[in-house]
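Each chain, written out:
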Amino acid sequence: MVETAKTAELMQPSGDRRWDQPTAYQLWMEATGLPIHRGFYVPDARTVELGSWPERECKAAFLELTGLEGVSEIRVTEISPGKSLPPMKFGMDEVVYVLGGRGLTTISDPQTGQEITFEWGKRSLFELPRNCTCTLSNAQGNAPARLLQSNYLPLALSVQGDPSFFFNNPYSGPTPLSLAAGQFASEAKAVHQELDDGGVAAGVFWYGNFFPDMAAWENLTPFKARGAGGSVVWIRFPQSVLTAHMSVFPSRTYKKGHRHGPGWVIVIPAGEGYSIMWPEGGERVVIPWQEGSVFVPPNRWFHQHFNLGASDARYVALHPPMHMSGFSEKIEDMARDQIEYANEDPWVRNRFQEELGKRGLASLMAEDAYHDPKYQWSYDAKAS
Ligand SMILES: [Fe+2]
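Since the model is a prediction, treat every value here as computed from it, not as a measurement.

Parameters at a glance
Residues numbered from 1 in each chain as written. Predicted model: local features only at pLDDT ≥ 70, side-chain atom pairs only at ≥ 80, totals over all residues. Helix = DSSP H or I, 4+ residues; strand = E, 2+ residues; numbered from the N terminus. Buried ≥ 20, exposed ≤ 12 C-beta atoms within 10 Å, placed from the backbone. Contact = placed C-beta atoms within 7 Å. Pairing = 2+ DSSP bridges. Core = buried A, V, L, I, M, F, W, Y, C linked by C-beta atoms within 7 Å. Domains from an automatic or database assignment. Expected span 1.5 Å × (residues − 1).

(A) Main features of the overall build of the protein. A count of helices and strands for the protein gives 8 helices and 26 strands. With 384 residues in all, the protein has 40% of them scored as buried. When contacts within the protein are restricted to residue pairs at least 6 apart in sequence, long-range pairs at least 24 apart make up 73% of them.

Following this line, the structure appears as structure tokens:
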């Protein structure tokens, strides 16, 4: 496999290697010969150009977006009609979001022989557990299936530079499947946390391995801290360090600007709008989005999400490792990481109104929110 043969020599320690040289992960990506798409965002990962990856019998590409900053990987994989990919045993957990198509995933534990299979479809979200043998199949005979996959391989290769350690490691200890079999085979479950700050750790999170359709998921909790009457589902995967969330916010509103660390991978399952991203005191980057758009806010850049559509907008965020979240560490520092509507640059709301105006629409932002930093949005029945 290319993971072993080509990169083993590239990974040899070199006394003259300088700090500005490519990382082990970048060398591995280049060794595959696949397209590498760079920049702040990809307008539509459902149509992004792919290349052939003979070792894995698929088409694929890497999205090395600026905000990943060596933390997370984003890979797009396409499975031909009716085809199953070669079984893979990968040494870390990986999240899969289905950009298009229908298929099956079989996960088996090489030690116990335990095996589960589940079906997925467009906009499903699921996880492939580490050290299990995972097989992905396209269930349709007339259309490709396209997946977006994310893991912490760039970070992992920064401390162990040989990819074969992660792709071919004969590790034989307990796997997430053997440790939490029931949680892989059943529907995700709500877990209540007795916190009430409306923030990242509060309220309810959903624990499970398979979320059938992120565009249809309605088990949401108000996300009061971020404004706009928005709601959220916090997601954790069984026996995994990976976490995620999906934010949902109403038509013709926008969320508060905020910032954090790198590696928060955002993919859009539904809606139409744009986001702005900017370093403190720097130029703004505008990112138009729709279903299939992917972007990653760079480290400590402010960013803000705007819904221009006629219905709720949704974005799924795949998180970096928990200790790298990049939020300011003290509660009194929160004001450094979030901009209340009352304190934002008027350019923000003016641009929003202009964009809506082009569509013959008007903002549904509450005027009071611009004057009262403690303004309370109302939440509809689904956001219970
Ligand atoms: Fe964010």
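(B) Structural context of the pairing of strand E25 (residues 313-318). With 5 of 6 residues buried, E25 is to be regarded as a mostly interior element. By the bridge criterion, 6 bridges tie strand E18 (residues 243-249) to E25 in an arrangement that is antiparallel. Considered in E25, the bridge of His 245 is made with Ala 317. Inspection of the sheet shows strand E20 (residues 265-270) paired to E25 by 4 bridges, in the antiparallel sense. Bridge pairing in E25 links Ile 266 to Ala 317.

(C) Looking closely at the pairing of strand E5 (residues 73-79). Counting buried positions along E5 yields 7 of 7 residues, so the element is predominantly enclosed. Both faces of E5 are covered, namely the face carrying Glu 73, Arg 75, Thr 77 and Ile 79 and the face carrying Ile 74, Val 76 and Glu 78. Sheet analysis places strand E4 (residues 58-65) next to E5, joined by 4 bridges and oriented antiparallel. In the strand pairing of E5, Ala 60 is matched with Thr 77. Two strands pair when backbone bridges link them, and E5 and strand E12 (residues 145-151) are joined in this way by 7 bridges, in the antiparallel orientation. Bridging from a neighbouring strand, Glu 73 pairs with Asn 151 of E12.

(D) Quick peek at the nonpolar core. Counting residues in hydrophobic clusters, the biggest one holds 90 residues, and the most contacted among them are Leu 63, Tyr 97, Leu 148, Val 294 and Val 316. Two domains each provide a minimum of three residues to this core, namely domain 1 (2-10 + 19-168 + 180-184) and domain 2 (187-370). Beyond its immediate sequence surroundings of up to four residues, Leu 148 is in contact with Ala 45, Ile 74, Val 76, Tyr 97, Leu 99, Val 267 and Val 294.

(E) Expanded view of unusual backbone geometry. One non-glycine residue, Glu 57, lies in the positive phi region at around 55°. Within the secondary structure layout, Glu 57 lies in the loop between strand E3 (51-53) and E4.

(F) Representation of helix H8 (residues 346-358). The terminal C-alpha atoms of H8, which comprises 13 residues, lie 19 Å apart, in line with the 18 Å expected from a rise of 1.5 Å per residue. Immediately beyond the C-terminal end of H8, within one or two residues, lies Gly 360, with a positive phi of roughly 75°.

(G) Main features of the environment of Met 277. Mapped onto the secondary structure, Met 277 falls in strand E21 (residues 273-278). In this structure Met 277 comes out as buried when scored by C-beta crowding, with 24 C-beta atoms within 10 Å. When the C-alpha positions of Met 277 and His 258 are compared, they lie 9.4 Å apart, and in sequence the two are 19 residues distant. Once residues lying within four places of it in the same chain are set aside, the contact partners of Met 277 are Phe 40, Val 285, Ile 287, Pro 297, Pro 298, Trp 301 and His 303.

(H) Layout of the sheet that holds strand E11 (residues 133-138). In spatial order, the strands read E6-E11-E8-E9; together these 4 strands make up an open sheet with antiparallel pairing. Among the strands making up the open sheet, the edge pair consists of strand E6 (88-89) and strand E9 (115-120). Here strand E8 (residues 103-108) pairs with E9 via 6 bridges, running antiparallel. The residue of E9 that forms the bridge with Gly 103 is Trp 120.

(I) View of the environment of Asp 312. Position of Asp 312 relative to the elements: it lies in the loop between strand E24 (302-307) and E25. If we ignore the near neighbours within four places in the chain, the residues touching Asp 312 are Val 248, Phe 249, Pro 250, Ser 251 and Gly 271.

Function cannot be read off these values alone, since they describe shape.
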